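What the coordinates show
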Amino acid sequence: MNPSEIKKSSKVAAVDFIPAWGDLTGNIRRLVEATEKVAEQGVNYAVFPETAVSGYLFSDSTELAPYLDTIPGKTTAAILPILARTGMYMSVGIAERDSESGLAYNSAVLMGPEGIIGKYRKIGLNSQDQKVFAPGNTGVKTFETLIGRIALLICYDDTYWQYVRLAALEGAQIIGWHSVSDRMMPNATPAEMLGDHSTVAHVQHMSALNGIWVICATRSGIETNPITKGQLYYNGGSSVWAPSGHKVAQSPVLSPLELEPGLNGIYSATIDLDEADKQRNALLAKRRPDLYFPTLAFHRSPTDINATTTIAQTTLIAAQWEKSISALDAIKVGKNELLVLPELSALPYTNDPNVLLTHAEKQGGIFEQTLGKAASTGQGYIVGSYPEIDVDKLYHTVVLAGPAGEILARYRVTHLNERDSGWASAGNAVSVTVTPIGRIALAAAHELEVPELAGLYSTLRADIIAAPAGLPSDLKVEIESHLFSVENPPTGRADFIPYAIATLNQLWVVCGGRSERDSTSAAIYGPEPVVLTPTLTAQKGEPEVRLQTQVPAPFTWINQERLISGQQAIWFAPLTN
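Everything numeric in this text was worked out from a predicted model, so none of it was measured.

Once that is clear, we can look at the packing of aromatic side chains. In this structure the tally under the stated criterion is ten aromatic pairs. Pairing Tyr163 with Phe572 gives two aromatic rings, centres 5.9 Å apart and planes at 55 degrees, and the pair type is tilted. A residue pair is termed long-range when its members are at least 10 positions apart, and Tyr163 in helix H5 (residues 161–169) and Phe572 in the segment after helix H14 (560–566) qualify at 409 residues. For the residue pair Tyr163 and Phe572, the accessibility class agrees, reading buried in each case. Positioned over the ring face of Tyr105 is Arg121, at 3.9 Å from the centre of the ring. The ring centre of Tyr395 lies 4.0 Å from the NZ or CZ of Arg412, which sits over that ring.

Turning to the packing of H5 against helix H8 (residues 273–284), a few remarks are in order. One can describe the packing of H5 onto H8 by two numbers: an axis separation of 11 Å at closest approach and a directional angle of 110 degrees. It follows from the interaxial angle that H5 and H8 lie roughly perpendicular. On H8, the residues touching Arg165, Ala168 and Leu169 of H5 are Arg280, Leu283 and Leu284.

Bring the parts together and some accessible area is lost; that lost area is often taken as the interface size. Domains assigned within the protein chain are domain 1 (9–286) and domain 2 (312–571). Here the C-alpha centre of domain 2 lies 35 Å away from the C-alpha centre of domain 1. In this complex, domain 1 contributes 38 residues to the contact, which on the side of domain 2 involves 34 residues. Summed over both partners, the interface of domain 1 with domain 2 buries about 3,200 Å², with 63% contributed by carbon and sulfur atoms. On inspection of domain 1 and its partner domain 2, the count reaches two salt bridges. The salt bridge involving Glu452 is made with Arg165; its shortest N-O contact spans 2.9 Å. Counting only elements with at least two residues in the side of domain 1 that touches domain 2, the list comes to H5, helix H7 (204–208) and strand S14 (247–250).

We now examine the nonpolar core. Formed by 121 residues in total, the largest nonpolar core has its most connected members in Tyr45, Leu338 and Ile465. Looking at which element gives the most residues to this core, the answer is helix H13 (residues 496–505), with seven residues. Counting only domains with at least three residues in this core, you end up with domain 1 (9–286) and domain 2 (312–571). Those residues in contact with Leu338 that sit more than four places away from it in its chain are Thr314, Thr315, Leu316, Ile317, Tyr381, Val383, Leu400, Ile437, Ile440 and Ile464. Formed by 24 residues, the second largest nonpolar core is a distinct cluster that contains Val15, Val38, Ala52 and Met90.

This brings us to the packing of helix H1 (residues 24–40) against helix H3 (residues 74–86). At a closest axis distance of 10 Å, the pairing of H1 and H3 adopts a crossing angle of 15 degrees. Taken together, H1 and H3 sit at an angle that is classed as roughly parallel. The handedness of the crossing between H1 and H3 comes out as right-handed. Contacts from Leu24, Ile28, Leu31, Val32, Thr35, Glu36 and Ala39 of H1 reach H3 at Lys74, Thr75, Ala78, Ile79, Ile82, Leu83, Arg85 and Thr86. Class assignment for the residues of the contact of H1 with H3 results in nine nonpolar, three polar and three charged.

Before going further, it helps to examine the pattern of salt bridges. One pass over the full model with this rule turns up 29 salt bridges. Two residues, Arg29 and Glu33, come together in a salt bridge whose shortest N-O distance is 3.6 Å. In this pair, Arg29 and Glu33 are both assigned in helix H1, four residues apart and thus about one turn of the helix distant. Judged by relative accessible area, which is 44%, Arg29 ranks as partly exposed.

So, about the side chain of Arg288. With respect to the helices, strands and loops of the structure, Arg288 is situated in the loop between H8 and helix H9 (289–292). Only 2.7 Å separates the side chain of Arg288 from the side chain of Asn428, close enough to count as a polar contact. If sequence neighbours within four positions are ignored, Arg288 has contacts with Thr414, His415, Ala426, Gly427 and Asn428.

Moving on, we get to the sheet that holds strand S11 (residues 220–224). Pairing within the open sheet is antiparallel, and its three strands lie in the order S9-S12-S11. Both edges of this open sheet fall to strand S9 (182–183) and S11, since each of them pairs with a single strand only. Direction of pairing for S9 relative to strand S12 (residues 231–235): antiparallel, over a ladder of two bridges. Within S12, the residue paired with Asp182 across the bridge is Tyr234.

Thresholds applied
Residues numbered from 1 in each chain as written. Predicted model: local features only at pLDDT ≥ 70, side-chain atom pairs only at ≥ 80, totals over all residues. Heavy atoms only, no water. Phe/Tyr/Trp six-rings, centres within 6.5 Å; stacked < 30°, edge-to-face > 60°. Helix = DSSP H or I, 4+ residues; strand = E, 2+ residues; numbered from the N terminus. Buried < 20%, exposed > 50% of the residue type's maximum accessible area, 1.4 Å probe, protein only. Lys NZ or Arg CZ within 6 Å of the ring centre and 35° of its normal. Axes fitted to C-alpha atoms, helices over the stretch in contact; angles between N-to-C directions. Parallel < 35°, antiparallel > 145°, perpendicular 65-115°, else oblique. Contact = heavy atoms within 4.5 Å. Domains from an automatic or database assignment. Buried area = accessible area lost by both parts, 1.4 Å probe. Salt bridge = Lys/Arg side-chain N within 4 Å of Asp/Glu carboxyl O. Core = buried A, V, L, I, M, F, W, Y, C linked by side-chain atoms within 4.5 Å. Left-handed = near helix turned anticlockwise from the far one by under 90°. Nonpolar A, V, L, I, M, F, W, Y, C, P; charged D, E, K, R; others polar. Polar contact = N/O pair within 3.5 Å; in protein donor to acceptor, adjacent residues only side chain to side chain. Pairing = 2+ DSSP bridges.

Next comes the structure, spelled out in structure tokens:
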């Protein structure tokens, strides 16, 4: 394809489309009507939901079988003439029957004026998918089109950071994400309500961590299986996300409603491919594949002997200091508590390499002694960071002090930001320490924007990432607040990157941090923030935020064991290259 022919700016749309359960012929007709209406709005690329011509809530493969389609098949035959006439590109979710094996796949197909461009079969299958679909076998591929490089993903795939990362490594500029983001009905039992997650509540990470335009199509309304009488409702929230991680368009988030099948809304935005290339390349340049090899390519089973098996009660504490101070002399911790301080903890916040050079210490110096003494006095654990000098090199080093007063672990920051790269060398090893309150990993908060690091820690079965933070981030949680069941949802107030890392890796992330004006980077992030574990940010003027909880974290519909055993590491080799 000639690069000069590629359209740099395009109008994209996330389409809320509602299929009728088990009406393949009628749904194809409705899809044709919807496609015509979307094309009339000058859309260059439209994304339609998952299983858009069959419906989703089937109890077994026999029940679904009459409503499967092939690719190519009836759906593509009906849609392609419209795309040839209008020049629009489109991807849509289809319950696909493989014409050779007969197996059913939860698939999405990408089409354009030139015909069928490619398809993707869902890899990240949830418990409902596993009743009726085989695991996807296409891998994650990026397709060249005249409006940019497009990759396809489906719904629960966004539970895993790896799949969109694989697309980014192939140079994707656009992700078409097809979903039926379901919720439990209000009359569900208390036990059933613990599964009341919403997949579309996770999509911000796909753009923010990878620098890609993400078009997220999901459906609204109640779906009833007429045979089993089972019901789910779909909460809406179709959206478009910029490579910066910011939201640029979104459909309303709805309570359970009976809605007519067919087109329910078109949510559009204009995208710029150059913005994606610039942001994606900058983020990928921070990767350290030498650190990830070969661990990220290993499969971990539910019987992983590295995992914590004993539940411990602890208190997590994130210290909050003003930008202009260090409160190191006043730190206190109690028995079995974990206190995380702001980064470069002995100093007021600074970007000045000369100041950091002046205060550099050797291991065992005053800074480590101070942390050790405070940890010993309170019989707890303290994490902070400092500029470390070792012969002729400087490192940004995070340390963990334990209740006996010793330094249990040191971690030299492996992914440097712009400030650190001005004075520090990068470390070459990660750190996970077994303690009575769980497996504690160390990081600097800023490097969590490289998801491979936390993914490595999750694979090594860390229960907590203690990550000293600097100033608050401009990128906050922008996920619609109505998608959260917990009180005080984090929308607009919590830094997004550590929030995403906690849920993507099913562990606690604790960030001591700085306050600046009305914002803070001091927070405690739980692994299931939609249903069970609220995100806690330090209140203005308070010295800390704390939470009494258990380690490993309590869980609802997923935990770290389920997360890791559900990964398909057979596709992950490119992450280590």
